[in-house]
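Each chain, letter by letter, is given below.
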Amino acid sequence: QVQLVESGGGLVQAGGSLRLSCAGSGITFSRTVMAWYRQAPGKQREPVATITSGGNTHYADSVKGRFTISADNAENRLYLQMTSLKLEDTAVYFCNAVWFQAVWGKGTLVTVSS
């Protein structure tokens, strides 16, 4: 019933930019706190950005000033604008709720090259 589909990943050079999208069905993003997570090779999944229905955002220190999370309530879609990408940003990126999480989607792979 609940489905999360991430897209927009790809290969990008260090210093470049990329925009990720998250489409949800069976879940209304505007009713909860949504987040982008990432899992780098050999690392645990970690939240990198969150957004409330009121537009209040928070970021992990590692991405602060470089990433921007946003939501389109009409489309029930979540976005992550990534700039000044670094090699350490390489990871599979996922979207999900913060408090009552749905089944994880497949994520979208972001690979940052030197």
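Our subject in this report is the structure included herewith. Quantities reported herein were computed from a predicted structural model and do not represent experimental measurements.

Conventions adopted
Residues numbered from 1 in each chain as written. Predicted model: local features only at pLDDT ≥ 70, side-chain atom pairs only at ≥ 80, totals over all residues. Heavy atoms only, no water. Pairing = 2+ DSSP bridges. Helix = DSSP H or I, 4+ residues; strand = E, 2+ residues; numbered from the N terminus. Axes fitted to C-alpha atoms, helices over the stretch in contact; angles between N-to-C directions. Phe/Tyr/Trp six-rings, centres within 6.5 Å; stacked < 30°, edge-to-face > 60°. Buried < 20%, exposed > 50% of the residue type's maximum accessible area, 1.4 Å probe, protein only. Salt bridge = Lys/Arg side-chain N within 4 Å of Asp/Glu carboxyl O.

## Observations regarding the sheet that holds strand β2 (residues 10-13)
Step number 1: Read across the open sheet, the six strands follow the order β2-β10-β9-β4-β5-β6; overall the sheet is mixed. Here the strands that pair on one side only, and so sit at the sheet edges, are β2 and β6 (57-59). In this sheet, neighbouring strand axes are inclined to one another by 25 degrees on average, regardless of whether the strands run parallel or antiparallel.
Step number 2: Taken together, the three bridges between strand β5 (residues 46-51) and β6 define a ladder with antiparallel strand orientation. By the bridge assignment for β6, A49 is matched with Y59.

## Digging into the packing of aromatic side chains
Step number 1: One pass over the structure, following the stated rule, counts two aromatic pairs.
Step number 2: Relative to W104, the ring of Y37 lies with its centre 5.0 Å away and its plane at 90 degrees, an arrangement referred to as edge-to-face. Of this pair, Y37 sits in strand β4 (residues 34-39) while W104 is found in the loop between β9 (91-97) and β10 (108-113), placing the two residues 67 residues apart along the sequence.
Step number 3: A relative accessible area of 27% means that W104 is categorised as partly exposed.
Step number 4: Relative to W104, the ring of F94 lies with its centre 5.9 Å away and its plane at 80 degrees, an arrangement referred to as edge-to-face. With F94 in strand β9 and W104 in the loop between β9 and β10, this pair connects stretches of sequence that are ten residues apart.

## Re the sheet that holds strand β1 (residues 3-7)
Step number 1: Reading across from one edge, β1-β3-β8-β7 is the order of the four strands in this open sheet, with antiparallel pairing throughout. The sheet is open, and its two edges are formed by β1 and β7 (67-72), each paired on a single side. The mean inter-strand angle of the sheet, taken between neighbouring strand axes irrespective of direction, is 15 degrees.
Step number 2: Pairing of β7 with strand β8 (residues 77-82), which is carried by six bridges, proceeds in the antiparallel orientation. Pairing of A71 across the sheet is with L78, part of β8.

## Notes on the pattern of salt bridges
Step number 1: The full count for this structure, using the stated rule, is five salt bridges.
Step number 2: As a salt-bridge pair, R38 and D89 come within 2.9 Å of each other at their nearest N and O atoms. Linking R38 in strand β4 with D89 in the loop between β8 and β9, this pair joins segments that are 51 residues apart in sequence.
Step number 3: Taking the relative accessible area as the measure of exposure, R38 reaches 6% and is therefore buried.
Step number 4: Here R66 makes a salt bridge to D89, at a shortest N to O gap of 2.7 Å. With R66 in the loop between β6 and β7 and D89 in the loop between β8 and β9, this pair connects stretches of sequence that are 23 residues apart. The same class applies to R66 and to D89, which are both buried.
Step number 5: Each of R38, E46, R66 and D89 takes part in one network of salt bridges that share partners.

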